[in-house]
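This is what each chain is made of:
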Amino acid sequence: MPGQIDTQSKEYERRKKSQRPAKQSVYLSIINHAKADAISSWFHSADFTQTRYSYVAVRLKLMCLFFAIMVPVFALFDFLTLPSEQAQFLLKTRIALSVSLFFLGYVLYRQTSVVVTRIVITLTFLVPTVFYLCSMQSFSVIPDGGIPLFFSMMPYLIMAMLGLFPLTISGGLFLAGVISIPVALFEVSRFNGDYYALFNTLWLLSLFAGISLWLQTGQLLMLMKLYRESTVDPLTELINRRVLLRQASQEQKKSAEDSQPFSVMMFDLDRFKRINDYHGHATGDQVLVTVARIMKHELRSTDIIARFGGEEFVAVLPGVSLGEATQIAHRVAHSIRNTSIPLSDGENLYVTSSIGVTQYKTGENIEQTLKRVDDLLYQAKASGRDKVVDDLSMTNESGQLIPDKVAEVA
């Protein structure tokens, strides 16, 4: 068993080191990477990405439904203003577009994962662009001045619709390319020597793309600000309890799907009230920031770390068994114990922590897991503090919690 735990600990360290350079934090790094966050989603947390794409999916479904209904309705104007044969051709293309949009909306209704939403939003802007190209082919014998305004303005309207979504600059540029590249190639293919008309089309596409990017970025930055204020602890920059419960529930689902274990650690700083009483709340805040920094350094970027409340912290370790999690808890406790916190009078303050460690049990809900790790934490505090207590410390041979020990911490 010791050899197995050592091997697990080494494997955890290897994974931690291999992941650290890729992403400095699993949380939204809005303070240090504000510009990078606007350009790309690389530094966004998984939770923020899911939140953003859920927001995008809602707007996307409404947009698909609206245009799926309205596009065929406008066929009436085709029959009133265009030759019957051309109107019938356009009706077929309108129906094809409408069915496509209904289908894309249905896909989002059934599945709103990040990957699915990215694919659907790309197709949602590509399909109308293809509809525009097919429609313009039917006007190939008509001078540009005779083409109805609805059709000639369509690529710019499609581009303007990008402004409805809080996309990153890279994401917005990608979708702008999905729209503008086919349109530009089409314009070049029918170039008749009129450079002004070609330049005017490309310039208008660029103008609408720029306006859409500006609107997208504004929405994204506002969404990031609201997200951080509602989900991230401003002092430690760790996620709060609400986000922890949401992400832990997702780990519970993953565990049920792939039978992979995950463990939970709950930390409580010993005699923290005395620190506030004797040294002031500013020092207490400094302690909390220091401990949060230690936890982020000692754990992997894929581990979920949260300030659970007051001086309590919780870490969820995906793919980590109980034995390995206990070794990790001892290491983190050692780092906390041996880290000095400078005081204003030149002295150094040292703190200790009590830690409960448990492994998720198949079939239970996440609240039961957190209740058990909370009991283990209080057992660590009741038995002298500065200790790590795991499931094996408080269970009998049948695997049940020992009643008298539970009573001690109640």
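For the structure itself, consult the block above.
Remember, predicted model here, so these are calculated numbers, not experimental data.

### Side note on the overall build of the protein
- Across its full length, the protein carries 16 helices and seven strands.
- The buried share among the 410 residues of the protein stands at 46%.
- Considering only contacts in the protein between residues 6 or more positions apart, those separated by 24 or more positions represent 70%.

### Observations concerning the side chain of S138
- Inspection of the secondary structure puts S138 in helix α6 (residues 114–138).
- By relative accessible area, S138 is classed as buried at 18%.
- Not counting residues up to four positions away in its chain, the partners in contact with S138 are Q86, F89 and L90.

### Topic: the environment of I179
- Examined against the element boundaries, I179 turns out to sit in helix α9 (residues 169–189).
- Given the relative accessible area of 0%, I179 is considered buried.
- Here the alpha-carbon distance between I179 and V127, two residues 52 residues apart in the chain, equals 9.4 Å.
- If sequence neighbours within four positions are ignored, I179 has contacts with F125, T129, P155, I158, M159 and L162.

### Points about the sheet that holds strand β1 (residues 262–269)
- One open sheet holds the five strands; their spatial order is β2-β3-β1-β6-β7, and the pairing between them is mixed. If you trace the sheet from one side to the other, it starts and ends with β2 (304–309) and β7 (388–390), each paired once. The average undirected angle you get between the axes of adjacent strands in this sheet is 20°.
- Sheet analysis places β1 next to strand β6 (residues 353–359), joined by seven bridges and oriented antiparallel. Residue pairing for β6: M265 is matched across the bridge by V357.
- Those strands touched by helix α11 (residues 241–258) are β1, β2 and β3 (312–318), and its axis lies near 135° from that of β2.

### A word on the pairing of β3
- Along β3, seven of the seven residues are buried, which leaves the element largely enclosed by surrounding structure.
- Side chains E312, V314, V316 and P318 of β3 all project onto a buried face; the interleaved residues F313, A315 and L317 project onto the opposite face, where all are buried too.
- With seven bridges joining them, β1 and β3 adopt antiparallel strand pairing. Among the inter-strand pairings, M266 is bridged to a residue of β3, identified as V314.
- Sheet analysis places β2 next to β3, joined by five bridges and oriented antiparallel.

### Observations regarding unusual backbone geometry
- Residue E237 is not a glycine yet carries a positive backbone phi of 60°.
- Residue classification places E237 among the partly exposed residues on the basis of a relative accessible area of 31%.
- One non-glycine residue, R271, adopts positive backbone phi at about 50°.
- Along the polypeptide, R271 turns up in the loop between β1 and α12 (272–279).

### Examining the pattern of salt bridges
- Per the counting criterion, the structure on display carries 14 salt bridges.
- The partner of R307 in a salt bridge is D233, with the nearest N and O atoms 3.2 Å apart. One end of the pair, R307, is in strand β2; the other, D233, is in the loop between α10 (195–231) and α11, and 74 residues separate them in sequence. The two residues R307 and D233 agree in class, both being buried.

Quick notes on the rules
- Residues numbered from 1 in each chain as written.
- Predicted model: local features only at pLDDT ≥ 70, side-chain atom pairs only at ≥ 80, totals over all residues.
- Heavy atoms only, no water.
- Helix = DSSP H or I, 4+ residues; strand = E, 2+ residues; numbered from the N terminus.
- Buried < 20%, exposed > 50% of the residue type's maximum accessible area, 1.4 Å probe, protein only.
- Contact = heavy atoms within 4.5 Å.
- Pairing = 2+ DSSP bridges.
- Axes fitted to C-alpha atoms, helices over the stretch in contact; angles between N-to-C directions.
- Salt bridge = Lys/Arg side-chain N within 4 Å of Asp/Glu carboxyl O.

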